Amino acid sequence: MELGENAKSFKLETAVCNHGFFMMAPNYWIPTTKTLMRVLRLSDSITCVTVSISHPSNQNFLQVEVIGMDKLSSQDEDVILSQVGRMLRISAQDERNIEEFHKVNPQAKEKGFGRLFRSPSLFEDVIKSILLCNCP
């Protein structure tokens, strides 16, 4: 997955580990390899696959690998990349928002803040927010 203009400010570890959601199932962070694994839905909205997401050093792309499947349809590939893009906030609009945030808060830029890891769907984000509201 090409990072495009996001490459200048994107670091997978910072994008994923900036909030506790990365520690909740179905997310699985492997700190030794800085790899995120989780289940994502395919285009039929029923079938799920495990996906491994990593950011090779000094590269302008993310390596997104589907575990246990040799071939995916182009439609399934698009759906997976769309979910990964949403989770990691990889879009031109997200990059513009981060640049504006960093102009207002230079300390956030120094620390790599700006991207808030989220779920691949709004539904999952809403459910997590509701269920975690009253957790100590």
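The model shown is predicted, which means the values in this text are computed figures rather than measured ones.

(A) Highlighting the side chain of serine 52. You can see serine 52 is positioned in strand 3 (residues 48-54). If sequence neighbours within four positions are ignored, serine 52 has contacts with Thr35, Leu36, Met37, Gln63, Val64, Glu65 and Ile67.

(B) The arrangement of the sheet that holds strand 2 (residues 35-41) in detail. On the basis of which strands lie adjacent, the open sheet formed by 4 strands has the order 1-2-3-4 and antiparallel pairing. Looking at which strands have only one partner, the edges of the open sheet turn out to be strand 1 (28-30) and strand 4 (63-67). Strand-to-strand twist across the sheet, computed as the mean angle between neighbouring axes with direction ignored, equals 25 degrees. Inspection of the sheet shows strand 2 paired to strand 3 by 7 bridges, in the antiparallel sense.

(C) Just the pairing of strand 2, in detail. Bridge count between strand 1 and strand 2: 3 bridges; the pairing is antiparallel. Opposite tyrosine 28, over in strand 2, you have methionine 37 as the bridge partner. The loop that links strand 2 with its antiparallel partner strand 3 comprises 6 residues; one of these, serine 45, has a positive phi angle of about 65 degrees.

(D) Fine view of helix 2 (residues 74-88). Between its first and last C-alpha, helix 2 extends 21 Å over 15 residues, near the 21 Å set by a 1.5 Å rise per residue. Taken as a whole, helix 2 has its buried residues at Asp76, Ile80, Gln83, Val84, Gly85, Met87 and Leu88. In this structure, the buried residues of helix 2 make contact with helix 1 (12-17), strand 2, strand 3 and strand 4. Just past helix 2, the residue arginine 89 takes up positive phi, approximately 55 degrees.

(E) Fine view of the nonpolar core. By size, the foremost hydrophobic cluster in this structure holds 23 residues, and its most contacted members are Phe10, Val16, Ile53, Leu62, Ile80, Leu88 and Phe117. Those elements that provide at least two residues to this core are helix 1, strand 2, strand 3 and helix 2. Ranked by residue count, the leading element in this core is helix 2, at 4 residues. Each residue touching valine 16, except ones within four places of it in the same chain, is listed here: Phe22, Trp29, Leu36, Leu88 and Phe117.

How each quantity is defined
Residues numbered from 1 in each chain as written. Predicted model: local features only at pLDDT ≥ 70, side-chain atom pairs only at ≥ 80, totals over all residues. Heavy atoms only, no water. Helix = DSSP H or I, 4+ residues; strand = E, 2+ residues; numbered from the N terminus. Contact = heavy atoms within 4.5 Å. Pairing = 2+ DSSP bridges. Axes fitted to C-alpha atoms, helices over the stretch in contact; angles between N-to-C directions. Expected span 1.5 Å × (residues − 1). Buried < 20%, exposed > 50% of the residue type's maximum accessible area, 1.4 Å probe, protein only. Core = buried A, V, L, I, M, F, W, Y, C linked by side-chain atoms within 4.5 Å.

Worth remembering: the numbers are spatial, not functional.
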